[in-house]
Amino acid sequence: MGAPMFSLSVNRLLGACFVMALAIPLGATLAGGDRTPALEENRERAAWPGTPASRAEWAAWPEAFTRWFTDHVAFRTDLIRTQARVRVEALHSSANPDVIVGREGWLYYTDDGGLEEIGAHRPFSDEELEAWRTTLTHTRDWLQARGIAYLFVIAPDKPVIYPEYLPPTVQRVGAQSRTAQLMQHLRAHDPLPVLDLTDTLREARRHERVYHLTDTHWNELGAYAAYEAVIAQLQPLGVGEPRPRRDFRVVPFTRPGMDLARMLGLMNVMQEVDLRLEFAAPRRATVIEPNPPSRALMDARVVTTQPGPWPRAVVFRDSFGSAMIPYLSEHFGRAVYAWQPNIDLDLIAQERPAVVIQEWVGRHFYRVYPYDAVAAQQ
């Protein structure tokens, strides 16, 4: 006769615990107990919806309250961080679909064309390859007619250079990446000024780590290797030799996890040894815009200058190109770096550069299509 009473007591206890688990965060939130720092999620948290003043606002209020409560519920950050840490450390899986947890602390980005780049499962069509060839040809010819050199630079994405740290569940299914397809197509047609940095970075990684563990980008050592290859291509313009490595010193330091760790909510849990490349010899170039610049030069527009009879440059780049700015700027009297994928003919006409550099990371071939600015102007 005692067993049913015992079961009933256990059920009541479990029920009470469940209600408390729901009530404590709700009560703490409504009492202003949302005191944990927000995760860095690259967005603003939802604002309090206020008191509805119309029938339409009353209809929308429950959804707005749900968004607010989800973003501000007490202990939210701690709960999310704990869940993410358990998944990464115990299950070796990701709490964010845009991040792959690899081996030995390596993280990989899958958004923005990253997953397609890893799997190479969505090749270019013949029409897309021809659109790229035509666009690059028009750009080269338009610049050449104005006495301006052109270089299109392809930066390899992290899994291209470090595929061995991907988890075994992630497999390449395509025969070629879009970068390899495009290079093959261009070699079979026009001898266009295109520099694929894949082999450069593969050679550089034989001597030192050239990408971050917890960030999607190459580190400063990788950016330097890319810079050397770019300047080697521009020698006929009188840009001088690349600054030798003896002009720099490698400064390793332990830092909190970077952009991919932040996306997992583990920026202050994961760490990596960052490899800084600092100027040991005096720098020639100075950043004049913006003032002050961000440390990583991830600004939409960066302008550098230096005295002397150096050529001018306009560089259209993404975030990978930002890391090359301190090095490239040493070779130009004035250089304008615009964060945009396609060229801007008006900016080129305004700056009158000796060279235009256009840099893309390989994964962007899966999400951004070429804009033929020359054809659009005609």
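In short, a report on the structure. (Residues numbered from 1 in each chain as written. Predicted model: local features only at pLDDT ≥ 70, side-chain atom pairs only at ≥ 80, totals over all residues. Heavy atoms only, no water.)

Okay, the overall build of the protein next. Looking only at helices and strands, one finds 14 helices and 11 strands in the protein. In the protein, which comprises 378 residues, the proportion classed as buried is 47%. Within the protein, contacts between residues at least 6 apart in sequence are counted, and of these 70% link residues at least 24 apart. If you sum the accessible surface of the protein, you get close to 19,200 Å²; carbon and sulfur atoms cover 57% of it. (Helix = DSSP H or I, 4+ residues; strand = E, 2+ residues; numbered from the N terminus. Buried < 20%, exposed > 50% of the residue type's maximum accessible area, 1.4 Å probe, protein only. Contact = heavy atoms within 4.5 Å. Areas by Shrake-Rupley, 256 points an atom, 1.4 Å probe, with all protein chains shown as cover.)

Strand order in the open sheet made by the seven strands is E4-E3-E11-E9-E10-E8-E7, with mixed pairing throughout. Of all the strands in the sheet, the pair left with one neighbour each is strand E4 (194-196) and strand E7 (286-289). Each neighbouring strand pair of the sheet contributes to a mean axis angle of 20 degrees, computed without reference to strand direction. Judged from the four bridges that link them, strand E9 (residues 312-317) and strand E11 (residues 355-361) form a sheet pairing that is parallel. Counterpart to Val315 in the pairing with E11 is Ile357. Each of strand E3 (149-155), E4 and E11 is contacted by helix H5 (residues 126-144), which is oriented at about 145 degrees to E3, the strand it contacts most. (Pairing = 2+ DSSP bridges. Axes fitted to C-alpha atoms, helices over the stretch in contact; angles between N-to-C directions.)

What follows concerns H5. Taking 1.5 Å per residue as the helical rise, H5 with its 19 residues ought to reach 27 Å, and the 27 Å between its terminal C-alpha atoms agrees with that figure. Within H5, burial applies to Leu129, Trp132, Arg133, Thr135, Leu136, Thr137, Thr139, Arg140, Trp142 and Leu143. Those residues of H5 that are buried are in contact with E3, helix H7 (178-187), E4, helix H13 (345-351), E11 and helix H14 (373-377). (Expected span 1.5 Å × (residues − 1).)

Here we come to the environment of Phe332. Tracing the backbone shows Phe332 in the loop between helix H12 (325-328) and strand E10 (334-339). The spacing of Phe332 and Pro311 is 21 residues in sequence and 5.1 Å in space, taken between C-alpha atoms. With residues near it in sequence (within four places) discarded, Phe332 still touches Leu234, Val239, Gln306, Trp310, Pro311, Arg312, Ala313 and Val355.

With that settled, consider the pairing of E10. The side chains of a regular strand alternate, residue by residue, between the two faces of the sheet. Relative to E10, strand E8 (residues 301-305) runs antiparallel, the two being bridged by five bridges. Within the sheet, the bridge partner assigned to Arg301 lies in E10 and is Ala338. When E9 meets E10, the two strands line up parallel, connected through six bridges. Note on E10: the bridge partner recorded for Arg317 is Trp339.

Before going further, it helps to examine the pattern of salt bridges. Taken as a whole and assessed by the stated rule, the structure comprises 23 salt bridges. For Asp112, the salt bridge is made with Arg367, and the minimal N-O distance between the two is 2.0 Å. A residue pair is termed long-range when its members are at least 10 positions apart, and Asp112 in the loop between strand E2 (107-109) and helix H4 (114-119) and Arg367 in the loop between E11 and H14 qualify at 255 residues. Note that Arg276 is salt-bridged to Asp274, the shortest N-O span being 3.8 Å. Accessibility classification places Arg276 together with Asp274 in one group, the buried group. Residues participating in the shared-partner salt-bridge network are Glu220, Arg255, Asp274, Arg276 and Arg295. (Salt bridge = Lys/Arg side-chain N within 4 Å of Asp/Glu carboxyl O.)

So, on to the side chain of Gln358. Along the chain, the position of Gln358 falls in strand E11. Of the residues examined, Gln358 reaches a relative accessible area of 5% and is grouped as buried. At 2.8 Å, the side chain of Gln358 and the backbone oxygen of Pro341 are in polar contact. Not counting residues up to four positions away in its chain, the partners in contact with Gln358 are Tyr150, Leu151, Phe152, Val153, Phe316, Pro341, Asn342 and Ile343. (Polar contact = N/O pair within 3.5 Å; in protein donor to acceptor, adjacent residues only side chain to side chain.)

The subject of this paragraph is unusual backbone geometry. Of note, the bond from Glu289 into Pro290 is cis; its omega dihedral lies within 30 degrees of zero at -5 degrees. Secondary-structure assignment places Pro290 in the loop between E7 and E8. A cis amide bond, omega 5 degrees, links Asn291 with the succeeding residue Pro292. By the secondary structure assignment, Pro292 is in the loop between E7 and E8. The backbone of Asp112 sits at a positive phi, close to 60 degrees, despite the residue not being glycine.

Taken across its 10 residues, H7 has seven buried, putting it largely inside the fold. Taken together, the buried positions of H7 are occupied by Arg178, Thr179, Gln181, Leu182, Met183, His185 and Leu186.

Turning our eyes to something else, we now look at the packing of aromatic side chains. Where two aromatic rings form a pair, the distance of their centres and the angle of their planes describe that pair. Tallying each qualifying case throughout the model produces 19 aromatic pairs. Geometrically, the ring pair formed by Trp106 and Tyr165 is stacked, given 4.7 Å between the ring centres and 5 degrees between the ring planes. Placement of the pair is Trp106 in the loop between strand E1 (99-101) and E2 and Tyr165 in the loop between helix H6 (158-161) and H7, with a sequence separation of 59 residues. As far as burial versus exposure is concerned, Trp106 and Tyr165 are alike and both buried. By way of ring pairs, the aromatic residues Trp106, Tyr162, Tyr165, Tyr211, Trp218 and Phe320 are connected into one cluster. When the ring centre of Tyr108 is taken as origin, the NZ or CZ atom of Lys158, which lies over that ring, is 5.4 Å away. A cation over a ring is seen here: Arg245 above Tyr224, with NZ or CZ 5.6 Å from the ring centre. (Phe/Tyr/Trp six-rings, centres within 6.5 Å; stacked < 30°, edge-to-face > 60°. Lys NZ or Arg CZ within 6 Å of the ring centre and 35° of its normal.)

Take it as geometry only, folks, not as evidence of what the structure does.
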